[in-house]
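Each chain is listed here by its residues.
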Amino acid sequence: MAVRAVTVLGSTGSIGTSTLDVIARHPDRYSVHALTAHSSVNDLFEQCRRFRPVHAVLGSAESAAELQTLCRGEGLAVQVHHGAQALNAVASDDAVDTVVAAIVGAAGLLSTLAAAEAGKRLLLANKEALVMSGQLLMQAARQSGALIMPVDSEHNAIFQSLPATETGVSTAGIEKILLTASGGPLRNLTLEELAVVSPQQALKHPNWSMGPKISIDSATMMNKGLEVIEACQLFSVDVDDVQVVVHPESIIHSMVSYADGSVIAQMGRPDMRTPIAHALAWPERIDSGVEALDLFKVSGLHFEEPDTTRFPLLRLAFEAQRAGGTAPAILNAANEVAVAAFLNGDVAFLQLSALVEQTLECLKISPASDLSTIIEADSIARGTTQRLIAQAAA
Ligand code: NDP
Ligand code: MG
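On a predicted model such as this, the values are computed, not experimentally measured, just so you know.

Asker: I'd love a proper account of the overall build of the chain, names of residues and values included.
Answerer: When you go through the chain residue by residue, the secondary structure sums to 16 helices and 13 strands. Computed over the C-alpha atoms, the radius of gyration of the chain is 20 Å, within 12% of the 21 Å expected from 2.2 N^0.38 for a compact globule of 394 residues. Considering only C-alpha atoms, the chain reaches an extent of 55 × 55 × 40 Å along its principal axes. Taking all 394 residues of the chain together, 56% fall into the buried category.

Written as structure tokens, this is what we have:
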């Protein structure tokens, strides 16, 4: 069996480290071609020592120089680069078979697109890229023959619940996608209680261990909103064919309901190494390091309807997808700015949805037909949300 060369974009993050944990279990199948981080020089150095990539990429010239010095000291031959061009290069390099897109937020858009255009097997964790530019990304993959494998646990579960074809999955005969949501750490709080939630409280997810941005998105349920849009793009379904089901145990990772009354679900422990291993090896199966699910230890499986009065970002995401064009990119950009401000202690929890709603109300929606329109919408939305935050503080 040929060893597949893998680039991990965002290798120092939560998804990046889980990916490397799976890869380390299969040296006969995978080699690491490139690893990238933004500013975590020491973590990236440790990964270079362990995985011996050909290339490493950081966000700035200073951090790249620091890593270069550390690698030379250790006698490592890794070539160190910095900046957006270098990310695109390691995502589209001819020597690479598989690219794991695990940078957080819009910062991952261009390198994710580069991998899709270059026809790679693309393990997609960076849902923001798909929310911003779903049509372009899916079209690029169709044209190049890239295989997009969803890493997001829900979308990976949906993929596993759909019939496989030569080139992916078919949605023939489906009635609805049932997208499960844990409900996040604040699921049972009243609006009064939500008003005074601190970043520390919002960061404490009951079932999953994740990076800070997605943890806040889980607390507001924006994560589920982004995932609704992600499902529409990945599986070419209408937004009204996606139903969110709150399932606090996070054992069922999503389901597909069919015209004949069948409902197919994928279950497992809440550990991202399962969908990562599936996406790496499909259509084969490999060990992920995740223990089998012990059904006798599962206390029960519960299901509820989501409450969009307390979690309005979920409603706003449905509305943005219905509006189409640049609306999802505006929604995403406003949310990224609002989440950063919340983590910084500059805005209160309930302001997150208000800021996104106001930004969407302020801006004109255009058709998302080309990349420059999407990038412009992202940039204008960021400026608008920042202005709204400044006005509220004044
Ligand atoms: P983390 O914050 O843990 O990691 C983000 C990674 O991206 C790090 O390697 C970070 O480098 C790098 N990075 C951050 N900013 C930039 C930038 N401006 N340019 C280049 N690289 C950058 O995030 P997660 O791993 O939690 O999430 C990654 C993506 O996967 C997100 O889109 C998220 O929605 C998605 N996802 C995550 C899940 C999870 O369980 N964590 C589940 C499903 C989806 P550095 O360390 O130097 O900052
Ligand atoms: Mg998810």
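Asker: Could you give an account of the packing of helix 13 (residues 312–323) against helix 15 (residues 351–362), naming the residues involved and the relevant values?
Answerer: Where helix 13 contacts helix 15, the two axes come as close as 9 Å, and the packing angle between them is 20°. Here helix 13 is positioned roughly parallel relative to helix 15, judged by the angle of their axes. Both helix 13 and helix 15 take part in a crossing whose hand is left-handed. Across the interface between the two elements, P312, L313, R315 and L316 of helix 13 pack against L352, S353, V356 and E357 of helix 15. Split into classes, the residues belonging to the contact of helix 13 with helix 15 amount to 5 nonpolar, 1 polar and 2 charged.

Asker: An account of the site of ligand 1 is requested, with residue identities and associated values reported.
Answerer: Near ligand 1 there are 24 residues, and of these T12, H38, S39, S40 and E128 occur at the shortest range. For ligand 1, an oxygen atom lies 2.9 Å from a polar atom in the backbone of S14. Measuring from an oxygen atom of ligand 1, one finds a backbone N or O atom of I15 at 2.9 Å. Here ligand 1, which alone exposes 910 Å², has 86% of that area covered by the protein.

Asker: Go over the coordination of the magnesium ion (ligand 2), please, and point to the residues and values.
Answerer: Around the magnesium ion (ligand 2), the donor atoms from the protein are D152 (OD), E154 (OE) and E227 (OE), and they sit 2.1 to 2.2 Å away. Taken in sequence order, the residues that donate to the magnesium ion (ligand 2) follow the motif D-x1-E-x72-E. One end of the pair, D152, is in the loop between strand 7 (147–150) and helix 7 (153–161); the other, E227, is in helix 11 (residues 222–235), with 75 residues separating them in the sequence. Per residue, the accessibility class of D152 equals that of E227, and both read buried.

Asker: Would you mind going over the environment of V337 in detail, with residue names and values included?
Answerer: Along the chain, the position of V337 falls in helix 14 (residues 327–343). Ignoring any residue separated from it by four or fewer positions in sequence, one finds V337 in contact with R382, T385, Q386 and I389.

Asker: Please set out the domain arrangement of the chain residue by residue, giving values where relevant.
Answerer: For the chain, the assigned domains read domain 1 (4–150), domain 2 (153–271 + 292–322) and domain 3 (324–394). The gap between the C-alpha centroids of domain 1 and domain 2 is 26 Å. Facing the 13 residues of domain 1 at the interface are 17 residues of domain 2. Of the roughly 1300 Å² buried between domain 1 and domain 2 on both sides combined, carbon and sulfur atoms contribute 68%. Summed over the three residues of domain 1 that lose the most area to domain 2, namely K127, V131 and P150, the buried surface amounts to 45% of that side. Across the salt bridge formed by K213 and E128, the nearest N and O atoms sit 2.9 Å from each other. Broken down by secondary-structure element, the contributors of at least two residues to the side of domain 1 that touches domain 2 are helix 6 (127–144) and strand 7. At 7 residues, helix 6 tops the list of elements feeding residues into the side of domain 1 that touches domain 2. Partitioned by chemical class, the residues of the side of domain 1 that touches domain 2 number 8 nonpolar, 3 polar and 2 charged.

Asker: Residue-level account of the sheet that holds strand 6 (residues 121–124), with values.
Answerer: The sheet built from 7 strands is open, its strands ordered 4-3-2-1-5-6-7 with parallel pairing. Each edge of the open sheet carries a strand with a single partner, namely strand 4 (79–82) and strand 7. Adjacent strand axes in the sheet meet at a mean angle of 25°, parallel and antiparallel pairs treated alike. Sitting on the sheet, helix 1 (residues 14–24) is in contact with strand 1 (4–9), strand 2 (30–36) and strand 5 (98–101), with an inclination near 160° to strand 1. Here helix 2 (residues 41–51) sits on the sheet and contacts strand 2 and strand 3 (55–58); the angle it forms with strand 2, its principal contact strand, is near 160°.

Asker: Explain the nonpolar core to me, and be specific about the residues and the numbers.
Answerer: Counting 130 residues, the largest nonpolar core has L67, F235, L331 and F349 as its most contacted members. For this core, the element with the most residues is helix 14, which contributes 11 residues. Setting aside residues no more than four positions away along its own chain, L331 makes contact with M222, L226, I229, L316, A317, A320, V356 and L360.

Rules of the game
Residues numbered from 1 in each chain as written. Chains lettered and ligands numbered in written order. Predicted model: local features only at pLDDT ≥ 70, side-chain atom pairs only at ≥ 80, totals over all residues. Heavy atoms only, no water. Helix = DSSP H or I, 4+ residues; strand = E, 2+ residues; numbered from the N terminus. Rg over C-alpha atoms; globule rule 2.2 N^0.38 Å. Buried < 20%, exposed > 50% of the residue type's maximum accessible area, 1.4 Å probe, protein only. Axes fitted to C-alpha atoms, helices over the stretch in contact; angles between N-to-C directions. Parallel < 35°, antiparallel > 145°, perpendicular 65-115°, else oblique. Left-handed = near helix turned anticlockwise from the far one by under 90°. Contact = heavy atoms within 4.5 Å. Nonpolar A, V, L, I, M, F, W, Y, C, P; charged D, E, K, R; others polar. Near = heavy atom within 4 Å. Polar contact = N/O pair within 3.5 Å; in protein donor to acceptor, adjacent residues only side chain to side chain. Areas by Shrake-Rupley, 256 points an atom, 1.4 Å probe, with all protein chains shown as cover. Donors = N, O, S within 2.8 Å, 3.2 Å for Na, K, Ca; no water. Domains from an automatic or database assignment. Buried area = accessible area lost by both parts, 1.4 Å probe. Salt bridge = Lys/Arg side-chain N within 4 Å of Asp/Glu carboxyl O. Pairing = 2+ DSSP bridges. Core = buried A, V, L, I, M, F, W, Y, C linked by side-chain atoms within 4.5 Å.

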